[in-house]
Amino acid sequence: MKVAVVGAGLMGHGIALVWAMGGHTVRLTDTHAPTLERAPRLMETALATLAAHGENKGMEPGALAQRVTCQAGLAECVEGADLVIEAIIEQPDAKRALYAQLEALLPPGATLASNTSYLDVFPLMPAALLPRAMIAHWYTPPYLVDLVDLVPNEALEAGRLEAVRDALLAMDQKPVVMRRFIPGYIANRIQATVQNEVQWLIDNGYADARTVDEAVVHGIALRMPIVGVMAKADFTGLPLLQHTFRNRMYTPPEPFEASPSMDALIAEGATGVMSGRGYYDWGDDPARLFEERDRRLIALKKALREIGTMAGYAR
Ligand SMILES: NC(=O)c1ccc[n+]([C@@H]2O[C@H](COP(=O)([O-])OP(=O)(O)OC[C@H]3O[C@@H](n4cnc5c(N)ncnc54)[C@H](O)[C@@H]3O)[C@@H](O)[C@H]2O)c1
């Protein structure tokens, strides 16, 4: 398949790498020349990390240039493409302007897939694009997180979403199909709910950040890969959950606009791993910390592949 990726930033270069590792021919473009120039080096670094752990799907780092080419122009990038992936900045006006250009440039057989996180992009598109347009939303980094959310619009032609899903499955990604768009899809909405709850616990003095993470990692997170949320409900037994709902034993905190503990850290310049400090004191080279995180993620993925899951994704 010929894949065009429009936007070579944080997500675009990673998505391009996944399709290249899957054996596809990829063209990449970005309106910001330095970003486009930087993309091949970032892909090579990521591929080298994957290769070091045997997760490069048979693609040697030197082979990248044969599969991925960078194009300065949009027309050259999308020409002859079967799939055009839109991964540009999350701004409605920028996306609207790009879709207007694509109305004339998208090859007739090509499907347009937006990587938007929170925007309903379909109303931003010319009506003529809608029969060929869907959302395919990836997670960062795309070459380590397998989930891709697929969302159709009402006018999407039959078979297009299924073709993208099948191509993703063939690359060992984990596509999930939603019936219609909602900002944040499933995983990011759950993550946001968890973050809201955790900030509330911390800011109201129930536990500190480390304690919260211990409870998450050794409690929720250990079970989740095996039973998800709904399979866990079945294991718990539904009457207990029914009882919890009915008696309002749990009331979620109101969503809030600011977390005092987070505001204080940011004011001190403690913005997270990149600054050496956030809720934790990291005090180390961020690149080494990211590498260490990725190494552990890869090990966990390998273990999960072996263990299997009871949450509907058993291979
Ligand atoms: N960052 C994440 O974790 C994440 C995760 C999933 C989805 N997304 C979504 O992916 C999209 C891109 O996000 P990102 O984090 O990669 O942003 P980014 O800022 O790193 O990259 C966006 C790139 O788009 C380029 N661009 C802007 N207008 C363009 C145009 N008309 N044509 C070509 N390139 C153009 C910019 O120069 C920039 O390099 C957004 O819709 C975002 O919501 C982001």
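Trainee: Give me the overall build of the protein: which residues, what numbers.
Mentor: Across its full length, the protein carries twelve helices and eight strands. Compactness check: the protein gives a C-alpha radius of gyration of 21 Å against a globular reference of 20 Å for 315 residues, within 12% of the reference. Residue burial in the protein is summarised as follows: out of 315 residues, 24% are buried. Partitioning the intrachain contacts of the protein with sequence separation of at least 6 by distance along the chain shows that 62% fall at a separation of at least 24.

Trainee: An account of the domain arrangement of the protein is requested, with residue identities and associated values reported.
Mentor: On domain assignment, one finds that the protein holds domain 1 (2–177) and domain 2 (187–307). Taking only C-alpha atoms into account, the centre of domain 1 sits 29 Å from that of domain 2. Taken together, the contacts link six residues of domain 1 with seven residues of domain 2. Residues that form the side of domain 1 that touches domain 2 fall into these classes: two nonpolar, three polar and one charged.

Trainee: For the packing of helix 1 (residues 10–21) against helix 2 (residues 33–52), give the residues involved together with the corresponding values.
Mentor: Between helix 1 and helix 2, the shortest axis-to-axis distance is 9 Å and the interhelical angle comes to 55°. One way to sum up the angle between helix 1 and helix 2 is to call them oblique. For helix 1 against helix 2, the interelement crossing comes out right-handed. Residues His13, Gly14, Ala16 and Leu17 of helix 1 form the contact with helix 2, whose own contacting residues are Ala39, Leu42, Met43, Ala46 and Leu47. Residues of the contact of helix 1 with helix 2, tallied by class, amount to seven nonpolar, two polar and no charged.

Trainee: Let's hear about the site of the ligand: which residues, and what values?
Mentor: Surrounding the ligand, one finds 25 residues, the nearest of these being Gly7, Gly9, Met11, His32 and Ser117. Counting residues per element, the shell around the ligand draws most heavily on helix 1, at three residues. In terms of residue class, the shell around the ligand is made up of eleven nonpolar, twelve polar and two charged.

Criteria and thresholds
For every chain, the first residue of its written sequence is number 1, and the numbers climb from 1 along that sequence. Per-residue local features of the predicted model are confined to residues with pLDDT of at least 70, and side-chain atom pairs are confined, for both listing and counting, to 80 or more; whole-chain, interface and lining totals are unaffected and use all residues. Put simply, DSSP H or I for four residues or longer makes a helix, DSSP E for two residues or longer makes a strand, and each gets a number counted from the N terminus. In this setup the radius of gyration rests on C-alpha atoms only. A globule is expected at 2.2 Å times the number of residues raised to 0.38. Neighbour density around each residue's C-beta defines its exposure: 20 or more other C-beta atoms within 10 Å make it buried, 12 or fewer make it exposed, and counts between make it partly exposed, where C-beta atoms are placed from the backbone. Our contact criterion uses C-beta atoms placed from the backbone: two residues qualify when those atoms are within 7 Å. Throughout the structure description, domain borders are defined by an automatic or database domain assignment. Asp, Glu, Lys and Arg are counted as charged, while Ala, Val, Leu, Ile, Met, Phe, Trp, Tyr, Cys and Pro are counted as nonpolar; the rest, among them Gly, fall into the polar class. In this analysis, axes come from line fits to C-alpha atoms, helices being fitted only over the stretch in contact, and the angle between any two N-to-C directions falls in the range 0 to 180 degrees. Should an angle fall under 35 degrees it is called roughly parallel, over 145 degrees roughly antiparallel, and 65 to 115 degrees roughly perpendicular, with every other angle called oblique. Each helix crossing is assigned a hand: it is left-handed if the near helix lies turned anticlockwise from the far helix by less than a right angle, otherwise right-handed if that turn is clockwise. We call a residue near a molecule or strand when its C-beta atom, built from the backbone, sits within 6 Å of it.

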